Amino acid sequence: MSKIILTGDRPTGRLHLGHYVGSLKRRVQLQNSGEYDKIFIMIADAQALTDNFDNPDKIRDNIIEVALDYLSVGLDPAKTNMFIQSVVTELTELTFYYANLVTVSRLERNPTVKTEIKMRNFETSIPVGFFTYPISQASDITAFKATTVPVGEDQLPMIEQTREIVRKFNATYNAEVLVEPDALIPENATCSRLPGTDGKAKMSKSLGNCICLSDSEEELNKKVMDMYTDPLHLKVSDPGHLEGNAVFTYLDAFATDDDFAEFLPDYKNLDEMKAHYTSGGLGDMKCKRFLMAVLNKELAPIRARRKEYEKDIPAVYDILRKGTEVARAEAAQTLSEVKAAMRINYFDDEALIQGQQARFNS
Ligand code: TRP
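Residues numbered from 1 in each chain as written. Predicted model: local features only at pLDDT ≥ 70, side-chain atom pairs only at ≥ 80, totals over all residues. Heavy atoms only, no water.

Q: So what exactly am I meant to see when it comes to the site of the ligand here?
A: In the vicinity of the ligand lie 13 residues, with Met42, Gln47, Gln137, Asp140 and Gln155 positioned nearest. With respect to the ligand, the side chain of Gln47 contributes an N or O atom lying 2.8 Å from a nitrogen atom. The separation between a nitrogen atom of the ligand and a polar side-chain atom of Gln137 is 3.0 Å. Elements supplying a minimum of two residues to the shell around the ligand: strand E1 (4-9) and helix H8 (133-142). For the shell around the ligand, the residue count by class is six nonpolar, five polar and two charged. (Near = heavy atom within 4 Å. Polar contact = N/O pair within 3.5 Å; in protein donor to acceptor, adjacent residues only side chain to side chain. Helix = DSSP H or I, 4+ residues; strand = E, 2+ residues; numbered from the N terminus. Nonpolar A, V, L, I, M, F, W, Y, C, P; charged D, E, K, R; others polar.)

Now the structure itself:
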């Protein structure tokens with residue numbers, strides 16, 4: 001069986017370090033591994049509209065931001081199809097048929113949707129489009145017969161729901177049309193859920209605690225300087241705490257032994273540095289300067305590539321246009337198989353028309 005990747009992002013803002021360690025970096029490795037037959041990366045504008053329907057300009061502007069972020073981290077249009085969700089109208093059609101296979105109570109049990117409803121104060125009145133977006137996400141995945149969906153942990157309920165839809169569809173229509181996907185989540189828990197610079201739960205644009213991939217060196221340095229550490233660590237000689245200390249969480253996610261050799265040779269590795277911090281004698285400033293160096297080293301090539309692509313925005317739209325054409329052809333093929341399995345491909349089926357004639361003749 002072919003190995004096919006599909007994943008995507010909502011274009012609600014520039015992508016940040018949380019996206020990078022949680023998913024983007026891995027996607028580039030998967031792309032370059034040569035192990036996958038096809039790779040689709042989707043800009044999920046239609047899904048983003050389910051809770052931004054009153055602000056389409058925000059989504060419109062952020063499509064190009066996300067595309068630039070993709071290209072700048074090293075996603076390569078020669079190997080990876082990048083496309084815009086809403087242009088692939090076949091996805092909407094699939095969603096309409098899959099909706100028959102899902103109950104309201106099943107959607108209500110989806111833990112990610114539950115949390116998101118609370119976050120958006122939708123408790124008393126949930127827009128239907130938002131409530132049903134897991135069904136549309138099942139269409140995104142199955143339209144490409146994806147076997148592998150690289151995502152963050154919070155997306156696991158979506159993949160589970162997709163698998164259920166696949167099984168229900170194939171069983172109901174006695175077909176082997178749809179493929180059950182597997183999620184691929186980051187190996188490292190820190191990477192799966194990178195906290196914000198304020199040390200709070202998750203890096204997120206709405207909380208204003210992000211470091212964006214497109215931030216300049218100065219912006220990044222300022223954000224690291226203001227980062228949450230350990231409020232009890234007042235003097236350098238005080239013992240420091242690692243729990244909830246954003247600087248050390250970021251170091252967990254980013255610092256390598258080579259970084260120590262290059263920028264902070266006092267320590268061989270992060271364990272040694274942590275030991276010194278917790279016993280007292282290592283100041284926050286020194287830790288922050290090291291983190292800046294580590295992050296700026298990782299981001300320098302990404303920033304440079306972004307600058308190049310920013311010079312020719314029409315060419316970036318062209319990349320998306322071509323990727324979307326390929327994606328559409330793929331989704332159309334699956335949709336036609338789905339409709340054939342459901343016996344609703346009326347005009348494609350000469351035998352059907354003749355059969356109906358026979359019924360009326362007899
Ligand atoms: N829900 C995903 C997110 O918020 C984005 C997304 C939409 C997606 N469709 C998808 C991810 C299909 C993986 C597969 O990040």
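Q: Looking at this model, I keep getting lost on unusual backbone geometry. Mind explaining?
A: Apart from glycine, the bulk of residues carry a negative phi angle, and the bulk of peptide bonds sit in the trans form. Here Asn121, not a glycine, exhibits a phi torsion of approximately 55°, which is positive. Of note, Asn121 is situated in the loop between helix H6 (111-119) and helix H7 (128-131). Backbone geometry places Asn174, a non-glycine residue, at a positive phi of 50°. Mapped onto the secondary structure, Asn174 falls in the loop between helix H9 (156-172) and strand E5 (182-184).

Q: Looking at this model, I keep getting lost on the pattern of salt bridges. Mind explaining?
A: When charged atoms on two side chains of opposite charge get close, those side chains can pair. In total, this model carries 31 salt bridges according to the counting rule given. The partner of Asp51 in a salt bridge is Arg120, with the nearest N and O atoms 2.3 Å apart. Of this pair, Asp51 sits in the loop between helix H2 (45-49) and helix H3 (56-73) while Arg120 sits in the loop between H6 and H7, placing them 69 residues apart in sequence. Between Arg163 and Glu180 there is a salt bridge, with the nearest N and O atoms lying 3.0 Å from each other. In this pair, Arg163 sits in helix H9 while Glu180 sits in the loop between H9 and E5, placing the two residues 17 residues apart along the sequence. Salt bridges sharing common partners tie together Arg14, Glu65, Asp69, Arg306, Lys307 and Glu310. (Salt bridge = Lys/Arg side-chain N within 4 Å of Asp/Glu carboxyl O.)

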